[in-house]
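So the chains spell out like this:
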Amino acid sequence: MSENRDSTQECCHEPLPAERTVVQPGKAALLKRLARIEGQVRGISGMIESDRYCVDVLTQVAAVKSAMDAVALQLLENHMKGCVARAMQQGDATGMVTELIDVVKKVR
């Protein structure tokens, strides 16, 4: 599967001995977003180092939190469209719904 898939395609988990792997749709876009967030976090460090005004720093912290929430929602959408839908079609709805509820609790 290609790394350049769009976000409408599903992810696919394949069980491995100790873990699962995922081919993430929109992987390049997600990595680009995360790199941007990483830069924002470094910028916040610089602001603190430079003794910037607290409200300005907090505004940037809020922006990073919002950006991370957007990444989490995209990953959750990919998971639901791919893995959850596939598990339900294959009759494994109970386990997948439990996992989905647990992950939603973590990202909210």
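We now turn to the structure provided with this report.

For the protein chain, the helix and strand inventory stands at three helices and two strands. Considering only intrachain contacts with a sequence separation of at least 6, the fraction spanning at least 24 residues in the protein chain is 49%. A total accessible area of about 7700 Å² is found for the protein chain, and carbon and sulfur atoms account for 57% of it.

Moving on: the environment of valine 64. Within the element layout of this structure, valine 64 appears in helix α2 (residues 54–89). With relative accessibility at 11%, the residue valine 64 sits in the buried group. Beyond its immediate sequence surroundings of up to four residues, valine 64 is in contact with Ile37, Gln40, Val41 and Ile44.

Now for the packing of helix α1 (residues 27–49) against α2. Following both chains from N to C, one finds α1 and α2 inclined at 160°, their axes separated by 10 Å at the closest point. In terms of orientation, α1 lies roughly antiparallel with respect to α2. When the axes of α1 and α2 are compared, the crossing they make is left-handed.

Attention now goes to the nonpolar core. In this structure, Leu30, Ile37, Ile44, Met47, Val57, Val64 and Val71 together form the largest nonpolar core, which totals seven residues. Tallying contributions element by element places α1 first for this core, with four residues. Every residue in contact with isoleucine 37, bar those within four places of it in the chain, is listed here: Val64, Ala67, Met68 and Val71. By size, the runner-up hydrophobic cluster in this structure holds six residues, among which are Leu76, Cys83, Ala87 and Leu100.

Another point: the packing of α2 against helix α3 (residues 93–107). Helices that pack against each other are described as a pair by the angle of their axes relative to one another and the distance between those axes. Where α2 meets α3, the closest approach of the two axes is 10 Å, and the angle between their N-to-C directions is 170°. Put simply, α2 runs roughly antiparallel to α3. Along the contact surface, α2 presents Ala72, Leu76, His79, Met80, Cys83, Val84, Ala87 and Met88, while α3 presents Ala93, Met96, Val97, Glu99, Leu100, Val103, Val104 and Val107. Here the residues of the contact of α2 with α3 are counted per class, giving 14 nonpolar, one polar and one charged.

For the structure on display, the rule yields three salt bridges. Across the pair glutamate 38 and arginine 42 runs a salt bridge, and its minimum N-O distance is 3.4 Å. Of this pair, glutamate 38 and arginine 42 both sit in helix α1, four residues apart, roughly one helical turn. Residue glutamate 38 is classed as partly exposed on the basis of its relative accessible area of 48%. Looking at arginine 42, the relative accessible area reads 53%, which means it is exposed. Put simply, glutamate 77 and lysine 81 hold a salt bridge, and the shortest N to O gap is 2.7 Å.

Cut-offs and rules
- Residues numbered from 1 in each chain as written.
- Predicted model: local features only at pLDDT ≥ 70, side-chain atom pairs only at ≥ 80, totals over all residues.
- Heavy atoms only, no water.
- Helix = DSSP H or I, 4+ residues; strand = E, 2+ residues; numbered from the N terminus.
- Contact = heavy atoms within 4.5 Å.
- Areas by Shrake-Rupley, 256 points an atom, 1.4 Å probe, with all protein chains shown as cover.
- Buried < 20%, exposed > 50% of the residue type's maximum accessible area, 1.4 Å probe, protein only.
- Axes fitted to C-alpha atoms, helices over the stretch in contact; angles between N-to-C directions.
- Parallel < 35°, antiparallel > 145°, perpendicular 65-115°, else oblique.
- Left-handed = near helix turned anticlockwise from the far one by under 90°.
- Core = buried A, V, L, I, M, F, W, Y, C linked by side-chain atoms within 4.5 Å.
- Nonpolar A, V, L, I, M, F, W, Y, C, P; charged D, E, K, R; others polar.
- Salt bridge = Lys/Arg side-chain N within 4 Å of Asp/Glu carboxyl O.

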